[in-house]
Amino acid sequence: MSDGEDDGSFLSLPSTAFSQRPSLTAELSETSTTSQQLIIQTLQDKVCEFQARLHSEEVARHLLVQQLQQSVKEKTGGGAETLQEEQTSETPKGVRVVQPGADRLSCPEEEQLVTRLRTQVEELEEKLLDQTQEVERLRSELGATDLEKQLELLVVENERLKQELKSCRSSKLQKLDAAAETCSCSHCPHSQDAEALRREVSRWETQARQRERRLAELERELLEKSSRTEALQRQLDDSTRQLDDSRRQLEESRRRQGEAEQKLTLRLQECEEELARQAATPPRVKYVTQTVEVESADSQKAVAEMQVKNNALQEQLSAQRQLLRELETQLHESQRTCAQLRTQLLADRGRLCGLLSKAVGRRNSEVVRRLSKILVYEGEMERAQGQLEAEMQNLEEEKNRVIEEAFIRAESEMKAVHENLAGVRMNLLSLQPALRTLTSDYNCLKRQVQDFPFMLDKAITEAKQEICQVISEVSSTNQELLRKYKREMNLRKKCHNELVRLKGNIRVFCRVRPVSQEEQDSADAKTMLSFDSDDDAILYLSNKGKVMTFELDKVFPPHATQEEVFQEVQALITSCIDGYNVCIFAYGQTGSGKTYTMEGVADNPGINQRALRLLFSEVTEKAPDWDYKITVSMVEIYNETLRDLLGENPSDKLDIKMNPDGSGQLYVPGLTEITVQSPEDINKVFELGHVNRATACTNLNEHSSRSHALLIITVSGFNTATGNRTQGKLNLVDLAGSERIGKSGAEGSRLREAQCINKSLSALGDVINALRSKHSHVPFRNSRLTYLLQDSLSGDSKTLMMVQVSPLPSNMSESVCSLKFAQRVRSVELSSSSSRKHENSSTSSSPTHDSVELDSPPVTPVPLPISRASSAGSTLSSASRTPSSSRRRSQSQLSTGTRCSEVT
Ligand SMILES: Nc1ncnc2c1ncn2[C@@H]1O[C@H](COP(=O)(O)OP(=O)(O)OP(=O)(O)O)[C@@H](O)[C@H]1O
């Protein structure tokens, strides 16, 4: 068992719990709590008192035990101590508990006292347990509602008061009976009074019972009202819940409508964007249309669902309003009934109070006190009912306010929803035409897409047919073009031949070299040559007061450039690509510019290099169809000796022989032919030729003036398309000087050089005469030069004679000789062409020459070998004779030359 402080702290727990109760029930619980606390306090006091008494008894007993032990020790000595120690023991808390074995040593009074104390302790424990249970019960009751607890407390208190009233009434009746027995006399005024009082009491009892019944009825009504109130509260809660549900549904419907509206807005934007895109790219309309169709159906479905839900919500709202109105009506009726009952109760209470005051005043103050207590409780009940009504009123107002707010909110939301729906409907209406258009476009595109494979196949088939047709057409066109090309080539060749025939296959140009710087400084600088500004084929020469006019094919003044000269001859050069043989001779006295025209200088090349470069470019242009090969040979004829300038040993003499293949062509055994494939090869060839020519002589300038230099270019072509083959030869000849050096009486080697030059130039003149005169015999073999050039001079070959003239007066006689020779060659040609025109109008691939007389070239009168000395002498004298006599001499020279060659 614990001490008093522990008990006090334990017992104070209920009061602490009570102090935490809500304020509404604080006043009601205060009364019961106070009585319970009083009881508990009383019990605590009793416990403390018993504990004090128990403690004092314990101390006394302990002292008594000590005294007894002392006396026993004195009687028995120290042996009893062990026994005493074995029979007693101390509790853990220091309270000594007497063991049963010790009773034999105490007196009977002490045993009785201990027994009594134990009994009291047990009783106190039981009471304490009861109180604890009571406290627990009260504590568990705290879980109920305040009104219910108050009602239950009132009912319990009422019951208790009724019992007390009943007991008081029974005791009063007993007293009255005792008094009646004491006063049995019926005529006694006391008995009458008592009888009256008894009636009065019974009447009051009857009234009290009626009041009690009435009170019970009121209590029942109160319970009913409470239950009605609870039902109303539940209905109110249900309505609030339904209202919340309606609000939630409304919010949900708003949210869904918002989502649907947002989706529709998005779809509308997408549709607009897609429409814009479709305007830019029509073929993609079909997909948008399909999407819009699907989305619009969903939207309409969502709108319909929303409308259905809105209607359901409106119906629910109207039902809730109806229910609310019914509840309000019921509440008003309940309030009215309650007020009536309250009024009646107050009236009854007033009457009861009056009666009670009378009864209390005279008879029974106890009953009055009880009744007043009842009135107090009734007042508390009214106050509680008033609070309940006030709470109900507040709840009602709160409910109305919430409903009103919800209604207003629902209306505004419904309005917004309706507006949104109207907007959506408008959007849908506006989208419908576009949708219809898109649908039609989509259907159209769909049909086109369905038809596309067939159309594609058809188009592919047609394209294939067209391609095949085009290919066949192109093929036939190619054949036709090829045929035309061949025909045109033949025609071109014919035309060219005709042109050459008309122009003459031997053309004569004249180039006047400029006066050099040294020559300008001398007194001999004044030129005797002049040119016609209107005709570039006329050259005037002033000689001894006489002006001589020379008409040639072209006259190049001193300022004419290498390029200008080359432009005039390049057509002739390119004809060798077509298979013609071409000879270009540079004729003139020493120092007149032959080498300059043919070879040129390093920074300004002449015809030789330019011709090769032109041939390369032309061949390259024709490369796809033609396969060309260009070979170059370079020879020198000095003193009728042929040398290979590109050979390993240039001093070796070469011979000209008939080709053993029976073709009748001549060839030079051992002649070096270098195939050139690039312009760089050309430079190497010229360098090699120069080096070999320089090593073969002591004085290059002198040597070059006295020898003929020939550059022979062969162009062989093969047409890969037609299979045609061509071969042309271009002979570029820098002749030896034509001046009359023999006039000065040269001897020895110089004489022999002059004879050889004279012979070769005479032979060249004879060959040209024979060719133009169409003689049956052409004396090619009269010199190495003409014999070597036999192939290139006969047939449909082309020849250009570039007569170089010095402008100086000191070279006037040589210039006149050269110009007269050139003019005679040209005049013979023209006369032969014009005569042929009259005599024969048919075209021929080979030039035709009439029989005309041509003067021999003005070669130097060098003594020739004996076998032809006579003819050579006649030739030399012919230069200064008349044309008629010259022609005659020419014929005699030709026959003589022929004979000479035959002899040789
Ligand atoms: N058209 C021209 N323009 C400028 N200079 C020229 C022209 N023709 C010739 N010459 C110059 O005149 C000089 C003699 O020319 P070139 O050597 O070509 O004469 P040639 O007739 O070949 O003499 P040879 O018979 O001795 O070889 C050279 O210095 C040359 O540069």
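Values in this document were obtained by computation on a predicted structure and should not be read as measured data.

This paragraph deals with the overall build of the protein. A count of helical and extended segments in the protein gives 21 helices and 19 strands. The buried share among the 904 residues of the protein stands at 26%. Long-range pairs, those at least 24 residues apart, make up 73% of the contacts in the protein between residues at least 6 apart in sequence.

What surrounds the ligand is a group of 14 residues, the closest being Arg513, Gly593, Thr595, Tyr596 and Ser705. The biggest single contributor to the shell around the ligand is helix α12 (residues 594–598), with three residues. Tallied by class, the residues present in the shell around the ligand amount to two nonpolar, ten polar and two charged.

With that settled, the discussion passes to the UniProt feature "coiled-coil region" (unreviewed entry) in the protein. The sites that carry the UniProt feature "coiled-coil region" (unreviewed entry) are, in the present numbering, residues 374–405. What you have in residues 374–405 is 100% helix and 0% strand, and the ends, taken at the C-alpha atoms, are 45 Å apart.

Okay, the sheet that holds strand β4 (residues 529–531) next. Spatial strand order, β4-β5-β6: three strands in an open sheet with antiparallel pairing. Two strands close off the open sheet at either side, each with one partner strand: β4 and β6 (546–551). Taken pair by pair, the neighbouring strands of this sheet meet at an average axis angle of 25°, ignoring direction. Pairing between strand β5 (residues 538–543) and β6: six bridges, direction antiparallel.

Let us now look at the pairing of strand β3 (residues 506–512). Among the seven residues of β3, seven are classified as buried, and the element is accordingly described as predominantly covered. Burial along β3 is two-sided: Ile506, Val508, Cys510 and Val512 facing one way and Arg507, Phe509 and Arg511 facing the other are all buried. Relative to strand β19 (residues 798–805), β3 runs parallel, the two being bridged by seven bridges. Following the sheet pairing, Val508 is matched in β19 by Met801. Bridge count between β3 and strand β7 (residues 554–556): three bridges; the pairing is parallel.

Two elements in contact, helix α11 (residues 562–574) and helix α13 (residues 607–621), have axes separated by 10 Å at closest approach and are oriented at 50°. In terms of their interaxial angle, α11 and α13 are classed as oblique. Relative to α13, α11 is oriented so that their crossing is right-handed. For the pair α11 and α13, the contacting residues are Phe566, Val569, Gln570, Ile573 and Thr574 in the first and Ile607, Arg610, Ala611, Leu614, Leu615 and Glu618 in the second.

A separate point is the confidence of the model for the protein. On average, residues of the protein carry a pLDDT of 73, and 71% of them reach 70 or more. Throughout residues 829–904 the model reports pLDDT below 50, and contacts reaching past four residues in sequence, or to other chains, amount to 144 contacts.

Another aspect to go through is the nonpolar core. Counting residues in hydrophobic clusters, the biggest one holds 79 residues, and the most contacted among them are Cys510, Ile584, Met801 and Val803. If you tally residues by element for this core, the top one is helix α16 (residues 748–772), at ten residues. Discounting chain neighbours no more than four positions away, the residues touching Val803 are Val508, Phe509, Cys510, Tyr587, Gly588, Ser818, Leu819 and Ala822.

Its identity as a non-glycine residue notwithstanding, Asn639 has a phi of 55°, on the positive side. Among the structural elements, Asn639 can be located in the loop between β11 (626–638) and β12 (641–644). Among the residues examined, Asn639 registers 15 C-beta atoms within 10 Å and is labelled partly exposed. Backbone geometry at Glu640 places phi at a positive 60°, although glycine is not the residue there. As for its placement among the helices and strands, Glu640 is situated in the loop between β11 and β12. Overall, the presence of 18 C-beta atoms within 10 Å leaves Glu640 in the partly exposed class.

Taking 1.5 Å of rise per residue, the 13 residues of α11 would be expected to cover 18 Å, and the 17 Å separating its terminal C-alpha atoms lies within 8% of that figure. Approximately 45° is the largest bend angle found in α11, and it occurs at Glu568.

Let us look at α13. Between its first and last C-alpha, α13 extends 21 Å over 15 residues, near the 21 Å set by a 1.5 Å rise per residue. Of all the residues in α13, the buried ones are Ile607, Asn608, Gln609, Ala611, Leu612 and Leu615.

It is worth spelling out the pairing of β19 at this point. In terms of burial, β19 is a largely internal element, eight of the eight residues being buried. Every second residue of β19 is oriented toward a common face, with Lys798, Leu800, Met802 and Gln804 on one face and Thr799, Met801, Val803 and Val805 on the other, all of them buried. Pairing of strand β8 (residues 581–587) with β19 involves six bridges; the strand directions are parallel. Residue pairing in the sheet places Phe585 in a bridge with Met801 of β19.

Further remarks concern the environment of Gln120. Among the secondary structure elements, Gln120 is positioned in helix α5 (residues 108–141). Sequence-wise, Gln120 and Leu54 are 66 residues apart; in three dimensions their C-alpha atoms are separated by 9.6 Å.

With respect to the element layout, Gln51 can be found in helix α3 (residues 23–76). Taking the number of C-beta atoms within 10 Å as the measure of exposure, Gln51 has 17 and is therefore partly exposed. For the pair Gln51 and Leu117, spaced 66 residues apart in sequence, the C-alpha to C-alpha distance is 9.9 Å.

Rules behind the numbers
- Residues numbered from 1 in each chain as written.
- Predicted model: local features only at pLDDT ≥ 70, side-chain atom pairs only at ≥ 80, totals over all residues.
- Helix = DSSP H or I, 4+ residues; strand = E, 2+ residues; numbered from the N terminus.
- Buried ≥ 20, exposed ≤ 12 C-beta atoms within 10 Å, placed from the backbone.
- Contact = placed C-beta atoms within 7 Å.
- Near = placed C-beta within 6 Å.
- Nonpolar A, V, L, I, M, F, W, Y, C, P; charged D, E, K, R; others polar.
- UniProt positions renumbered as here; feature names shortened; annotations may be inferred.
- Pairing = 2+ DSSP bridges.
- Axes fitted to C-alpha atoms, helices over the stretch in contact; angles between N-to-C directions.
- Parallel < 35°, antiparallel > 145°, perpendicular 65-115°, else oblique.
- Left-handed = near helix turned anticlockwise from the far one by under 90°.
- pLDDT = per-residue confidence, 0-100.
- Core = buried A, V, L, I, M, F, W, Y, C linked by C-beta atoms within 7 Å.
- Expected span 1.5 Å × (residues − 1).
- Bend = angle between axes of the 7 residues up to and from the residue.

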